[in-house]
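Take a look at the letters that make up each chain.
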Amino acid sequence: MASVSEMYDVGWEEMRDKLRKWREENCRNSEQIVDVGEELISEHASKLGDDIWIIYEQVMIAALDCSRDDLALTCLQELEKQFSDSHRVKRLSGMRLEALERYDEANKDYDAILQDDPTNTAARKRKISILKAQGKSAEAIRELNEYLEMTHPQLYQSTYCFPCHFHSYGKAAFCLEELMMTNPHNHLYCEQYAEVKYTQGGLENLELSRKYFAQALRLNNRNMRALFGLYMSASHIAASPKVSAKVKKDNMKYAAWAATQINRAYKLAGRGTKENKCSMKAVEEMLESMQITMS
Amino acid sequence: MAEPELLLDSNIRLWVVLPIVFITFFVGVIRHYVSILLQSDKKLTLEQVSDSQVLIRSRILRENGKYIPKQSFLMRKFYFNNQEDGFFKKTKRKVVPPSPMTDPSMLTDMMKGNVTNVLPMILIGGWINWTFSGFVTTKVPFPLTLRFKPMLQQGIELLSLDASWVSSASWYFLNVFGLRSMYSLILGQDNGADQSRIMQEQMSGAAMAMPADTNKAFKAEWEALELTDHQWALESVEEDLMSRELDFDGMFSKELPSGIF
């Protein structure tokens, strides 16, 4: 199998810099990390100097993600040799046990860390993910609540998927609101919030969802999901019997605008292909079928 | 004013002015590293962490509350500020202002602070005064009144000398404060050699008394939150959005990023 450096014709410095870039951006491209990192460790370990420890950590976590237990074990052993008494390394060994599904032993590791240092957020996060993996969602939610009391609000990210799973959309909305406040310019949160509101239903929520779909579109013009969402929520409101005539008119205007944008997008996508005309017709039919009719 | 300009021996420049600069600078650098070595670990309690998190949450609510619906904003504001059981009203942390004598860790911190900063300054100031005494070192570029003479002309007993001519001790003190910006350039912000900053901290006094501040911080947040109003940023979002066509540039590009590099 060709090595990474041969395939892409790069030197070890570029590989190391690429790993650093991935580390800073928190990318989860574990297979790539394993490929690049494994070669870096095996061939160029001596040239890396002190960087090697953090690369070990990065590669180990990626290896656990790709089920490469052998590589993970090697990295862990090197780290344990160097930093024998470290909380950070202990957490890594706990993660390895988690990956092997030995949850009780992993829990013991994390509890030991927390006893030493109750404010260690990393260990708490891992405990919660163990509960999640074991399917004990109620306990996981409880632990999360405790954890959230002492942590950065950004952690709401992982928590909101829980309530969705259990149809407690109110809680999911709460979490998303927190996320929107901390990251006001992230269009994905706006869009997911709008979807949660749409699922909750009810006229007020539909209006809110329409507004947030529009906000998501304003933040990122290319968010197709938000565009469709806007169309759906606007037509839903327009079709509802309880609205006043003005609201109905406004919403039909919004829905029509959204429909034209969708058509434009599909035209752009299909340019240069012969089936353009047919696909445009398909889009129009789809839009019509999505119309919510009063039953 | 027909005061004849004094011409100083250029040896003074070589052997007094420059050495004092170097001495001050290197002593500062050494102080920085010594303070790093002597730094004690600060252990945070869980309560402190959660308190600071609550303050952060409230601040974010104030700043970005306009992005969430009015109902949610009011709900959160109510949680924090409610008359009976709002968080900021209800939570009174037990405040034990740590007096320097009783709290051992604070005592050692203060000792270390004194040793690393004040002591060297006194020692070196005195040594320079003793070594480089008896002659005029430099002239400050602005005129000074006679009251400054005893302060700035330590070893020189000349009644008729203009107060602008100063001795080496005052040049040393000038350096201590002047090299502050050099330290930030070389050692980065927040360095241990920055004496004037430390002196400022000691004067403000409350620098070490963080727990006492929690109650005050809560009160300040409560007031600030009371004042904030909800101006929904999404009032006219649809109109804004539909005022122009969507920009689909780059959505369907033929080229996909391939591979790792």
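For clarity, every value in this text was computed on a predicted model and none was experimentally measured.

## Let's talk about the interface of chain A and chain B
Many structure descriptions define interface size as the accessible area lost when the parts assemble.
Now for step 1: Contacts between the two partners involve 50 residues from chain A and, on the opposite side, 40 residues from chain B.
Now for step 2: When chain A packs against chain B, the two sides together hide about 4200 Å² of surface, and 65% of this comes from carbon and sulfur.
Now for step 3: Contact with chain B buries area across many residues of chain A, yet A:M181, A:K211 and A:W257 alone supply 17% of it, more than any other trio.
Now for step 4: For the interface between chain A and chain B, the tally reads five salt bridges.
Now for step 5: Residue A:E177 is joined to B:R76 by a salt bridge in which the shortest nitrogen-to-oxygen separation is 2.7 Å.
Now for step 6: The tally of links from chain A across to chain B stands at twelve residue pairs in polar contact (both at pLDDT 80 or more).
Now for step 7: Within the residue set of the side of chain A that touches chain B, elements represented by two or more residues are α1 (4-8), α2 (12-25), α3 (30-48), α12 (169-182), α14 (203-219), α15 (224-239) and α16 (245-269) of chain A.

## A few points about the pattern of salt bridges
Now for step 1: By the definition in use, this model includes 21 salt bridges over all chains.
Now for step 2: A salt bridge links A:E178 to B:R76, with the shortest nitrogen-to-oxygen separation between them at 2.8 Å. Placement of the pair is A:E178 in helix α12 and B:R76 in helix α3 (residues 70-81), with the two residues belonging to separate chains. Each of the two residues, A:E178 as well as B:R76, counts as buried.

## Observations regarding the packing of helix α4 (residues 51-65) of chain A against helix α6 (residues 87-99) of chain A
All names here are of chain A.
Now for step 1: Across the interface, α4 lies against α6 with an axial gap of 10 Å and an inter-helix angle of 15 degrees. Judged by the angle between their axes, α4 and α6 are roughly parallel. By crossing handedness, the relation of α4 to α6 is classed as left-handed. Across the interface between the two elements, I54, E57, M60, I61 and L64 of α4 pack against R88, R91, L92, M95, R96 and A99 of α6.
Now for step 2: Within the contact of α4 with α6, the residues separate by chemical class into seven nonpolar, no polar and four charged.

## So, the packing of α12(A) against α3(B)
Now for step 1: Relative orientation of the contacting elements α12(A) and α3(B) amounts to 90 degrees, with a least axis distance of 12 Å. With respect to each other, α12(A) and α3(B) are oriented roughly perpendicular. Of α3(B), the residues touching α12(A) (which contributes A:F174, A:E177, A:E178 and A:M181) are B:S72, B:M75 and B:R76.
Now for step 2: Classifying every residue of the contact of α12(A) with α3(B) by side-chain character gives three nonpolar, one polar and three charged.

## Points about the UniProt feature "transmembrane region" (unreviewed entry) in chain B
Now for step 1: The sites that carry the UniProt feature "transmembrane region" (unreviewed entry) are, in the present numbering, residues 12-34 and 115-136 of chain B.
Now for step 2: In residues 12-34 of chain B, the share of helix is 100% and the share of strand is 0%. The end C-alpha atoms are 32 Å apart.

## Some details on the nonpolar core
All names here are of chain A.
Now for step 1: Counting residues in each nonpolar core, the largest one holds 48 residues, and the members touching the most others are Y212, L227, L230 and Y231.
Now for step 2: With eight residues, α15 is the single largest residue contributor to this core.
Now for step 3: Counting 37 residues, the second largest nonpolar core, distinct from the first, contains I55, L76, M95 and Y103.

## Overview of unusual backbone geometry
All names here are of chain A.
Now for step 1: A positive phi angle, close to 55 degrees, is found at D9, a residue other than glycine.
Now for step 2: Residue position: D9 is located in the loop between α1 and α2.
Now for step 3: Although it is not a glycine, E101 sits at a positive phi angle of roughly 65 degrees.
Now for step 4: Summarising the element assignment, E101 is placed in the loop between α6 and α7 (103-116).

## Some words on the confidence of the model for chain B
Residues and elements named next belong to chain B.
Now for step 1: Mean pLDDT over chain B: 73, with 69% of residues reaching 70 or higher.
Now for step 2: Looking across chain B, the model is least confident in helix α9 (residues 195-204), with a mean pLDDT of 53, and most confident in α3, with 85.
Now for step 3: Note that residues 204-211 has pLDDT below 50 and, in this model, seven contacts with residues that lie over four places away or in other chains.
Now for step 4: Model confidence for the complex: the whole-complex pTM is 0.67, and ipTM, which rates the interface, is 0.70.

## Some details on the packing of aromatic side chains
In this description, an aromatic ring pair is defined by two values, namely the gap between the centres and the angle between the planes.
Now for step 1: The final tally for this structure, using the stated rule, is eight aromatic pairs over all chains.
Now for step 2: Among the aromatic residues, those joined into a cluster by ring pairs are A:W53, A:Y56 and A:F83.

The rules we used
- Residues numbered from 1 in each chain as written.
- Chains lettered and ligands numbered in written order.
- Predicted model: local features only at pLDDT ≥ 70, side-chain atom pairs only at ≥ 80, totals over all residues.
- Heavy atoms only, no water.
- Contact = heavy atoms within 4.5 Å.
- Buried area = accessible area lost by both parts, 1.4 Å probe.
- Salt bridge = Lys/Arg side-chain N within 4 Å of Asp/Glu carboxyl O.
- Polar contact = N/O pair within 3.5 Å; in protein donor to acceptor, adjacent residues only side chain to side chain.
- Helix = DSSP H or I, 4+ residues; strand = E, 2+ residues; numbered from the N terminus.
- Buried < 20%, exposed > 50% of the residue type's maximum accessible area, 1.4 Å probe, protein only.
- Axes fitted to C-alpha atoms, helices over the stretch in contact; angles between N-to-C directions.
- Parallel < 35°, antiparallel > 145°, perpendicular 65-115°, else oblique.
- Left-handed = near helix turned anticlockwise from the far one by under 90°.
- Nonpolar A, V, L, I, M, F, W, Y, C, P; charged D, E, K, R; others polar.
- UniProt positions renumbered as here; feature names shortened; annotations may be inferred.
- Core = buried A, V, L, I, M, F, W, Y, C linked by side-chain atoms within 4.5 Å.
- pLDDT = per-residue confidence, 0-100.
- Phe/Tyr/Trp six-rings, centres within 6.5 Å; stacked < 30°, edge-to-face > 60°.

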